[in-house]
Amino acid sequence: MGVENFTAAPVSGTRRAKRARVLLAAKLQTPYGEIDARLRDLSQKGALVECSPTPPEGSEVVFSRGPITVPARVAWSGTGRVGLEFHHEIDENEMLVQLKRVTNLQARERFRRPGIRENASERERALAAAWGVQVGINLPDGDF
């Protein structure tokens, strides 16, 4: 899920805008107050939102997600879900900023555990080598 789904998704049915399947927190401001929601599907022209309670079909709301705030009309309303039709198109670049893709290399580096060489003093390295010998770990030339 993410940017690649939005930019490469084929346009099907009666839809004229590409859609991105996402799962992001959002808010709907209604005449009855603010509703916490989950954004499930997003395009330049509208969105599929899960929320409870659901605003009635035809009501006017303001959709908010991060820096994106846009007035919308509830095009349809079902049990726990509403389809929103934005009053104006959202800029594609503004939308994609929220769906930044993380490459495999970035993910690996972010969760990489530090090695002994990086943060250990000479004394700590010597202790680690001595412990390794005791438990049966012998590295050639004491290399970590």
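Residues numbered from 1 in each chain as written. Predicted model: local features only at pLDDT ≥ 70, side-chain atom pairs only at ≥ 80, totals over all residues. Heavy atoms only, no water.

A. Expanded view of the nonpolar core. Among the nonpolar cores identified, the biggest contains 21 residues, and Leu28, Leu39, Val49, Phe63, Val82, Leu84 and Phe86 are the most heavily contacted of them. Residue assignment for this core shows that the elements contributing at least two residues are strand S1 (19-30), strand S2 (33-43), strand S3 (46-51), strand S4 (60-65), strand S5 (68-78) and strand S6 (81-86). Among residues more than four places away in sequence, those in contact with valine 49 are Leu28, Ala37, Arg38, Leu39, Phe63, Gly80, Arg81, Val82 and Leu84. (Core = buried A, V, L, I, M, F, W, Y, C linked by side-chain atoms within 4.5 Å. Buried < 20%, exposed > 50% of the residue type's maximum accessible area, 1.4 Å probe, protein only. Helix = DSSP H or I, 4+ residues; strand = E, 2+ residues; numbered from the N terminus. Contact = heavy atoms within 4.5 Å.)

B. Broad picture of the pairing of S4. Strand direction decides the pairing type here: S1 and S4, joined by three bridges, are antiparallel. Counterpart to lysine 27 in the pairing with S4 is serine 64. Judged from the six bridges that link them, S4 and S5 form a sheet pairing that is antiparallel. Paired with valine 61 across the two strands is alanine 72, which belongs to S5. The turn linking S4 back onto S5 is made up of two residues, and glycine 66 within it adopts a positive phi angle of 55 degrees. (Pairing = 2+ DSSP bridges.)

C. Focus on the sheet that holds S1. Taken together, six strands build a closed barrel; the order of strands is S1-S2-S3-S6-S5-S4 and the barrel is antiparallel. Here the strands of the sheet are splayed against their neighbours by 45 degrees on average, with no regard to which way each runs. Examined bridge by bridge, S2 and S3 share five bridges and lie antiparallel to one another. Paired with arginine 38 across the two strands is glutamate 50, which belongs to S3. (Axes fitted to C-alpha atoms, helices over the stretch in contact; angles between N-to-C directions.)

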